[in-house]
Amino acid sequence: MKIIGTGSALPKEIVTNDMLAGFLDTSDAWITTRTGIRTRHLQSHETLRDLALSAAQAALVSSGVQAEDIDYLICSNVANSYVSPSLGSILLGPLGCCCPTFDLNGACAGLVYSLDIADSFLKTGKARKILIVAAEEPSRFCNWHERETSVLFGDGASALVVTEGESFVDFRLTGDTHTDILYYKRSMEATPYDRVEEKTTPLVMNGREVFRLAVNSCIEDIDTLLERNGKTPDDIELFLVHQANLRIIDCIREHLEQPKEKFPTNLQNYGNTSSASIGILIDEMSRAGELKDGATLVLSAFGGGFVTGAALLKWSQINY
Ligand code: ACO
């Protein structure tokens with residue numbers, strides 16, 4: 001499998017830490033030192049559908065593939081206002097695609113999960129050209145009266161077009177049950193048989209425990225991927241890690257004894273955009289010519305569950 005097109009889209013509204021400090025008991029200093037985040041883009045007039053559509057259209061244009069030639073649309077999304085139909089189904093018509101589609105909830109590791117599935121579909125010949133869209137609005141999961149979670153997230157979408165090729169070398173995905181440390185619970189309808197009153201619970205997070213699991217699991221994924229492919233960290237040009245927190249990324253980097261330049265970040269500008277984050281980074285860097293042809297890359301993500309996903313690949317340059 002190889003990536004032949006990339007796209008991303010962000011809401012227009014840029015919210016600074018100082019703006020949040022205007023209505024939350026927080027400060028630019030606290031957010032910056034604990035997370036590295038300075039601004040985030042939050043949906044105001046756009047919908048998630050708008051962002052997903054722009055990212056997907058940009059990815060299609062850069063790939064040179066026509067919408068009607070896409071064989072599968074895989075959509076990574078944790079939650080949006082529609083439970084059904086899927087976000088993928090909502091996108092098909094406006095994109096001009098007529099292919100099977102489904103949404104996948106791999107939390108913040110959803111893009112890597114989608115790539116792993118796409119790789120299998122391509123290898124078995126189920127599809128030849130696949131559009132992956134990761135679109136997330138985590139700002140809509142948070143309680144905006146609580147400073148613990150709302151300052152961490154941003155909204156956004158990214159998209160990749162993939163086809164047959166030898167770029168991706170290996171994947172490592174893991175999963176485990178840790179429901180209590182990171183969850184967002186939505187209520188369902190009462191029935192005559194099950195009258196339990198359920199309330200929506202906005203995102204609940206045990207930050208320290210998520211931090212610990214994130215660092216340990218990313219390190220384990222990367223060490224395992226490198227070891228089983230006969231590589232050392234020095235053989236990797238760039239590590240593209242889920243953009244949740246600069247301190248998490250620094251801990252992983254220090255364990256691997258690598259310089260800062262090999263761990264590019266954009267979370268300073270966008271906050272944690274969940275499964276869209278690695279795709280936004282890939283799109284920005286690829287368009288800026290910062291992903292060199294033949295460069296060996298590692299993608300590594302973690303998210304609620306707890307789930308993780310990492311991939312080893314050789315980048316094939318895209319001409320925009
Ligand atoms: N502004 C000011 N103070 C705050 C804020 C805030 N926004 N949020 C929490 N605090 C306070 C707490 O109330 C607590 O106060 P107390 O000591 O009086 O009880 C104190 O700050 C906690 O401070 P620290 O323990 O120093 O915080 P820590 O260093 O653990 O940083 C953070 C907190 C940033 C949440 C960190 O634990 C973290 O990044 N965890 C991982 C979060 C993450 O990545 N989540 C998403 C991953 S999965 C996914 O992407 C969906």
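Parameters and conventions
Residues numbered from 1 in each chain as written. Predicted model: local features only at pLDDT ≥ 70, side-chain atom pairs only at ≥ 80, totals over all residues. Heavy atoms only, no water. Helix = DSSP H or I, 4+ residues; strand = E, 2+ residues; numbered from the N terminus. Rg over C-alpha atoms; globule rule 2.2 N^0.38 Å. Buried < 20%, exposed > 50% of the residue type's maximum accessible area, 1.4 Å probe, protein only. Near = heavy atom within 4 Å. Polar contact = N/O pair within 3.5 Å; in protein donor to acceptor, adjacent residues only side chain to side chain. Areas by Shrake-Rupley, 256 points an atom, 1.4 Å probe, with all protein chains shown as cover. Domains from an automatic or database assignment. Contact = heavy atoms within 4.5 Å. Buried area = accessible area lost by both parts, 1.4 Å probe. Salt bridge = Lys/Arg side-chain N within 4 Å of Asp/Glu carboxyl O. Nonpolar A, V, L, I, M, F, W, Y, C, P; charged D, E, K, R; others polar. Pairing = 2+ DSSP bridges. Axes fitted to C-alpha atoms, helices over the stretch in contact; angles between N-to-C directions.

A. Representation of the overall build of the chain. The helix and strand inventory of the chain stands at ten helices and 13 strands. What you see for the chain is a C-alpha radius of gyration of 19 Å, in line with the 20 Å of a compact globule of 320 residues. Seen through its C-alpha atoms, the chain measures out along the principal axes to roughly 50 × 50 × 40 Å. Burial analysis of the chain (320 residues in total) assigns 54% to the buried set.

B. Representation of the site of the ligand in the model. Lining the immediate environment of the ligand, one finds 22 residues, of which Thr26, Cys108, Arg208, Asn245 and Asn272 sit closest. Glu148 is positioned with one of its side-chain polar atoms (N or O) 3.3 Å from an oxygen atom of the ligand. Residue Arg247 places a side-chain N or O atom 3.2 Å away from an oxygen atom belonging to the ligand. For the ligand, whose free accessible area comes to 1,000 Å², the fraction covered by protein is 74%.

C. Representation of the domain arrangement of the chain in the model. As assigned here, the chain comprises domain 1 (2-166) and domain 2 (170-314). Spacing between the C-alpha centres of domain 1 and domain 2 amounts to 14 Å. Each side of the interface is counted separately: domain 1 has 48 residues, and domain 2 has 39 residues. Summed over both partners, the interface of domain 1 with domain 2 buries about 3,500 Å², with 64% contributed by carbon and sulfur atoms. Summed over the shared surface of domain 1 and domain 2, the result is zero salt bridges. One can count 19 residue pairs in polar contact (both at pLDDT 80 or more) joining domain 1 with domain 2. When contributions to the side of domain 1 that touches domain 2 are tallied by element, the ones reaching two or more residues are strand E1 (2-9), helix H2 (28-35), strand E3 (39-42), helix H3 (48-63), helix H5 (110-123), strand E6 (129-136), helix H6 (147-150) and strand E7 (156-163). At seven residues, H5 tops the list of elements feeding residues into the side of domain 1 that touches domain 2. Residues belonging to the side of domain 1 that touches domain 2 are distributed by class as follows: 21 nonpolar, 18 polar and nine charged.

D. Structural context of the sheet that holds strand E5 (residues 101-104). Judged by pairing direction, the sheet is mixed, and its five strands sit side by side in the order E1-E7-E6-E4-E5 without closing on themselves. Looking at the sheet topology across the chains shown, the edges are occupied by E1 and E5. Each adjacent strand pair in this sheet contributes to an overall mean axis angle of 15 degrees, direction not counted. Relative to E6, strand E4 (residues 72-76) runs parallel, the two being bridged by five bridges. Of the residues in E6, the one forming a bridge with Leu73 is Leu131. Contacting E4, E5 and E6, helix H4 (residues 87-95) crosses the sheet at an angle of about 130 degrees to E4. Across the sheet, H5 touches E4, E5, E6 and E7, and the angle it forms with E6 is around 165 degrees.

E. Layout of the pattern of salt bridges. The full count for this structure, using the stated rule, is eleven salt bridges. With a shortest N-O distance of 3.4 Å, Arg147 and Asp25 are connected by a salt bridge. With Arg147 in helix H6 and Asp25 in the loop between helix H1 (17-21) and H2, the pair connects residues that are 122 residues apart, well separated along the chain. Of the charged contacts in the structure, one is a salt bridge between Asp170 and Arg228, with a shortest N-O distance of 2.7 Å. Taken together, the residues span a long stretch of sequence, with Asp170 in strand E8 (residues 168-175) and Arg228 in helix H7 (residues 207-228) at a distance of 58 residues. By relative accessible area, which is 18% here, Asp170 ends up buried. Judged by its relative accessible area of 45%, Arg228 is partly exposed. One continuous salt-bridge network, built from bridges that share partners, spans Asp25, Arg147 and Glu148.

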